[in-house]
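So you can see what is in the structure, the chains are spelled out below.
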Amino acid sequence: MTVSQQMVTIGMVILGTMFTRFLPFLLFPPGRPAPGYIQYLGKALPPAVFGMLVIYCLKHVNPFAGSHGIPELLSVAFVATLHLWKRKMLLSIGGGTVCYMLLVQTVFGQ
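From a predicted model like this one, the values you see are computed outputs, not experimental measurements.

K.L.:
What's the story with the overall build of the protein in this structure? I'm lost.
P.N.:
Broken down by element type, the protein carries four helices and zero strands. For 110 residues, the compact-globule formula gives about 13 Å, and the C-alpha radius of gyration of the protein, at 21 Å, lies well above that figure. Among the 110 residues that make up the protein, the fraction classed as buried is 9%. For the protein, restricting intrachain contacts to residue pairs at least 6 apart in sequence, the fraction spanning at least 24 positions comes to 38%. Looking at the protein as shown, the accessible area adds up to about 9200 Å², and 75% of this sits on carbon and sulfur atoms.

Written out as structure tokens, the structure is:
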């Protein structure tokens, strides 16, 4: 890419990002309540996204090979326990990631 093409690409990315960031504030101003379907999506999508994330993370776990899914099972239990205890989403995600990485790098490493 030439320098001018790089500048145009960066400019388009900036415009696209700003457009998607500011569009909700233009469509749903603070003084007006959001439509019902938007409120429904705000309640329904976060659990759906995390459900899909769990399925995606566990889709290739084979209980009949390798570590038999033990690090994954321990990490899921750790995330559930941590979330029930602290109720902090980022702490649960980060803690589960650290737990899994420690298990596969040290205890179940090959």
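K.L.:
Explanation requested: the side chain of Ser75 in the structure shown.
P.N.:
Its place among the elements puts Ser75 in helix 3 (residues 70-86). Overall, Ser75 belongs to the buried group, its relative accessible area being 7%. Looking at Ser75, its side chain comes within polar contact range of the main-chain nitrogen of Tyr100, at 3.3 Å. Among residues more than four places away in sequence, those in contact with Ser75 are Gly96, Cys99, Tyr100 and Leu103.

K.L.:
Is there a simple way to explain helix 2 (residues 36-58) in this structure?
P.N.:
Note on helix geometry: an α-helix contains 3.6 residues per turn, so any two residues three or four positions apart are oriented the same way. For helix 2, spanning 23 residues, the distance from its first C-alpha to its last is 34 Å, which sits close to the expected 33 Å at 1.5 Å a residue. Its maximal kink placed at Ala44, helix 2 deviates by approximately 30°, while the proline Pro46 follows within four residues.

K.L.:
Looking at this model, I keep getting lost on the packing of helix 3 against helix 4 (residues 89-107). Mind explaining?
P.N.:
Helix packing geometry: the angle between the two helix axes and the distance between the axes. Taken N-terminus to C-terminus, the directions of helix 3 and helix 4 make an angle of 155°; their axes are 9 Å apart at the nearest point. When the interaxial angle is binned, helix 3 and helix 4 end up roughly antiparallel. Where helix 3 crosses over helix 4, the handedness of that crossing is right-handed. On helix 4, the residues that touch Pro71, Glu72, Leu74, Ser75, Phe78, Val79, Leu82, His83 and Lys86 of helix 3 are Met89, Leu91, Ser92, Gly95, Gly96, Cys99, Tyr100, Leu103 and Val104. Among the residues forming the contact of helix 3 with helix 4, the class breakdown is 11 nonpolar, five polar and two charged.

K.L.:
What am I meant to see in the environment of Met101 here?
P.N.:
Counting through the fold element by element, Met101 comes out in helix 4. Taking relative accessible area as the criterion, Met101 reaches 40% and is therefore assigned partly exposed. Distance from Met101 to Pro29, taken between C-alpha atoms, is 43 Å for residues 72 residues apart in sequence.

K.L.:
How do you make sense of a nonpolar patch on the surface when you look at a structure like this?
P.N.:
A cluster of nonpolar side chains, contributed by Tyr37, Tyr40, Leu41, Leu45, Val49, Phe50, Leu53, Met89 and Ile93, occupies part of the molecular surface with about 860 Å² of accessible area. When residues of the nonpolar patch are traced back to their parent elements, those giving at least two are helix 2 and helix 4. The biggest single contributor to the nonpolar patch is helix 2, with seven residues. The residue Tyr37 is located in helix 2 in this model.

K.L.:
Looking at this model, I keep getting lost on the environment of Leu103. Mind explaining?
P.N.:
Its location among the elements puts Leu103 in helix 4. In contact with Leu103, other than residues within four places in its own chain, are Pro71, Leu74, Ser75, Phe108 and Gly109.

The rules behind each value
Residues numbered from 1 in each chain as written. Predicted model: local features only at pLDDT ≥ 70, side-chain atom pairs only at ≥ 80, totals over all residues. Heavy atoms only, no water. Helix = DSSP H or I, 4+ residues; strand = E, 2+ residues; numbered from the N terminus. Rg over C-alpha atoms; globule rule 2.2 N^0.38 Å. Buried < 20%, exposed > 50% of the residue type's maximum accessible area, 1.4 Å probe, protein only. Contact = heavy atoms within 4.5 Å. Areas by Shrake-Rupley, 256 points an atom, 1.4 Å probe, with all protein chains shown as cover. Polar contact = N/O pair within 3.5 Å; in protein donor to acceptor, adjacent residues only side chain to side chain. Expected span 1.5 Å × (residues − 1). Bend = angle between axes of the 7 residues up to and from the residue. Axes fitted to C-alpha atoms, helices over the stretch in contact; angles between N-to-C directions. Parallel < 35°, antiparallel > 145°, perpendicular 65-115°, else oblique. Left-handed = near helix turned anticlockwise from the far one by under 90°. Nonpolar A, V, L, I, M, F, W, Y, C, P; charged D, E, K, R; others polar. Patch = residues over 30% accessible without salt bridge, like charges linked within 9 Å, V, L, I, M, F, W, Y side chains within 5 Å. Salt bridge = Lys/Arg side-chain N within 4 Å of Asp/Glu carboxyl O.

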